[in-house]
Every structure is written in C-alpha cells, then in structure tokens.
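A closer look at the structure
Next come the chains, spelled out residue by residue.
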Amino acid sequence: MRTTQLPDENSQPPVHIQLLDWLSVDFMEQGWSTKHLIHTIVSSATYQQISRTPVELREFDPLNQWFARGPRFRVDAEVLRDVVLTVSGLLHRGVGGPSIFPPVPESVLQDNFKRPAYWDAAEDAQRYRRSIYLFRKRSMPDPVLSTFDAPNADFACARRVRSNTPLASLVSMNEPVFVAASRGLALRILAEGGTTDASRVDYAYRLCTGRAVRSQEQEVVLSLLESRRRELAQKPASAREMLLDDQDRLPAQVSETGIVEGAAWMVVARVLLNLDETLTKN
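Presented here is a report on the structure given in the accompanying data block.

Conventions adopted
- Residues numbered from 1 in each chain as written.
- Predicted model: local features only at pLDDT ≥ 70, side-chain atom pairs only at ≥ 80, totals over all residues.
- Heavy atoms only, no water.
- Phe/Tyr/Trp six-rings, centres within 6.5 Å; stacked < 30°, edge-to-face > 60°.
- Lys NZ or Arg CZ within 6 Å of the ring centre and 35° of its normal.
- Core = buried A, V, L, I, M, F, W, Y, C linked by side-chain atoms within 4.5 Å.
- Buried < 20%, exposed > 50% of the residue type's maximum accessible area, 1.4 Å probe, protein only.
- Helix = DSSP H or I, 4+ residues; strand = E, 2+ residues; numbered from the N terminus.
- Contact = heavy atoms within 4.5 Å.
- Axes fitted to C-alpha atoms, helices over the stretch in contact; angles between N-to-C directions.
- Parallel < 35°, antiparallel > 145°, perpendicular 65-115°, else oblique.
- Left-handed = near helix turned anticlockwise from the far one by under 90°.
- Expected span 1.5 Å × (residues − 1).

Moving on, we get to the packing of aromatic side chains. Within this structure, the stated rule accounts for 7 aromatic pairs. Taken together through their ring pairs, the aromatic side chains of F101, Y118, W119 and F135 make up a single cluster. Across the ring face of Y133, the terminal group of R129 is positioned such that the distance to the ring centre comes to 3.9 Å.

Let's shift gears to the nonpolar core. F148, F178, L185, W265 and L273 are the most contacted members of the largest nonpolar core, which totals 42 residues. For this core, the secondary-structure elements that each account for two or more residues are α4 (77-88), α6 (143-147), α7 (166-174), α8 (176-192), α9 (197-209), α10 (215-233), α11 (236-243) and α13 (259-273). Non-local contacts of F178, meaning those with residues more than four positions away in its chain, are made with L80, V84, V144, F148, V171 and S172. Counting 6 residues, the second-largest nonpolar core is a separate cluster that includes V104, L109, W119 and M140.

Moving on: the packing of helix α1 (residues 17-29) against helix α2 (residues 34-42). Describing two packed helices takes the angle between their axes plus the distance from one axis to the other. Between α1 and α2, the least distance of the axes is 9 Å, while the angle of their chain directions is 140°. Classified by the angle their axes make, α1 and α2 are oblique. Relative to α2, the crossing made by α1 is right-handed. Together, W22, L23, D26 and F27 of α1 and T34, H36, L37 and T40 of α2 make up the contact between the two elements.

The terminal C-alpha atoms of α4, which comprises 12 residues, lie 17 Å apart, in line with the 16 Å expected from a rise of 1.5 Å per residue. Across the 12 residues that make up α4, a large majority, 9, are buried. Looking at α4, one finds that the buried residues are A77, E78, L80, R81, D82, V84, L85, V87 and S88. Of the surrounding elements, those touching the buried residues of α4 are β1 (73-74), α6, α8, α9, α13 and α14 (276-279). Immediately beyond the C-terminal end of α4, within one or two residues, lies G89, with a positive phi of roughly 80°.

Take a look at the structure:
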C-alpha cells in the first residue's frame, strides 16, 4: 500500500542554501574548526547589524528572512554577567585554571539534600572571573543565571527560552555581583570620565551602550545625580554603607572622591547598567 507523504509545514526549506553550502565547505577546509566557523559568522557585517532599519528594508523583508536587520533580544545569562563586569572594570581576564564557586544565598545551599561543604565562594578578584569558569552543580541551579534563562544540566538544551519577568530586574539591581559592578563602574567613571559631570555621563554611556549620550538623556541623568547628592549628603551613613565591599571595606579610591560623591555616582551606575540598551543585543 502506497502512501503520500505530505510536506511538514514546520520544516520549511532553508532560504539561504548557497550560504549554508559555502559555510559547510569552508568549515571542512579549515580543518573542521568550530572556533573558525563561529568567528566567521560573528565577524560578518550581517551578524553585526543593528535592529533599526529604514522603512524600505522593513517592507522588502518584513519577516527578516533575508537578514535585512539584526535581532534584538536580551543577551544570554553568562554573557550578561560578563558584560556588566567588563563595563565596570572588574572582569578578571585570567585564562585557564580551576572553576570558581560563585556567591549564592545561604538558603540555596541549605535546600540541598546535604549542604555542599566545599562551596566556598571566591573572594576578591577571583570572584569576577568570566562566567565560563563558574562552577555549576546539576542539582542546584545558579539562581542568578537561572533568572536570566540559563538552562540547568538535567537535560540537553537545543535552544534557550527567553523570558521577561520582574525577577530579572530585581536580580540585576540587587544581586551582590551586580551591586559590586555598579560600585566599580562608579569609581571607573570618576577616575576616567573627566572632571565635569557632563563628560562623566557621556563616558558612562559610551561604556554601557557604545554610543554618546543624547542631550535629553544627559539632562535626566544629571538631574538624578544632583538629587542623589542632596539626599545622601543628609545620610552619610547610608552613603558609606552603599560603598562597602563584601569584606565591609571602603574602596581605596573613595578617599579621593568622597563618600557622598562615590555613592551618588553608584546610583547612576546602577541605572545605566540596567538600561535595556546595555543588556540587549541590538
């Protein structure tokens, strides 16, 4: 008995067959190097496009089948962590060596069948190693990375899901590594951003978004900075507490800039690190 196989509506033929053929041949000719293949793709002009496009291109390619524009989505969990650490100047760029244990809430450790006695969170600069060196426990998903949709190790992950919930904002505003990043960015702005508030705001925007600040944005940020200065000047103890690191120490740079000034810029840094444009591939 003969049957007619209907086409699978969910498996459309590739639009870019010639491109796939070329990449396949290049992959073989380069000794099956995955690193070379990835570098070829991410360094291409097509991959590096932004999501904003002229009207005529949107009309020509409304579904983006021909890659008339780049995608727009929040970067992956590990990349997001590395982004904020890089911007803040805290990223530890050492290559190789053992994994490090990231800081996690005590409740997460206690919820295990047996508390992992070996889980000693890394200290000082080692805490800020790239995310590829983070130790992952299969039965204890990292709460920070999980919030940003990092998969656990219970099963193979062919494609990551992308969510958008208030939990992500709560983590990026309050989790210890992100708080340390906002402190580091504030000190970096004060040290490298020039001598005026305007130049510092522009420098901060270039670090976080890769572009110069717009006039309206600058007005908003300067207004926020001035209001925080006035408020924190009335609460020096709160300003000092904001700047304390995990060992309850004040950074050495604070003595040069002042506690209130450093804390005010830390508020600004926290806002800029949480901009959609900072955390999004665009």
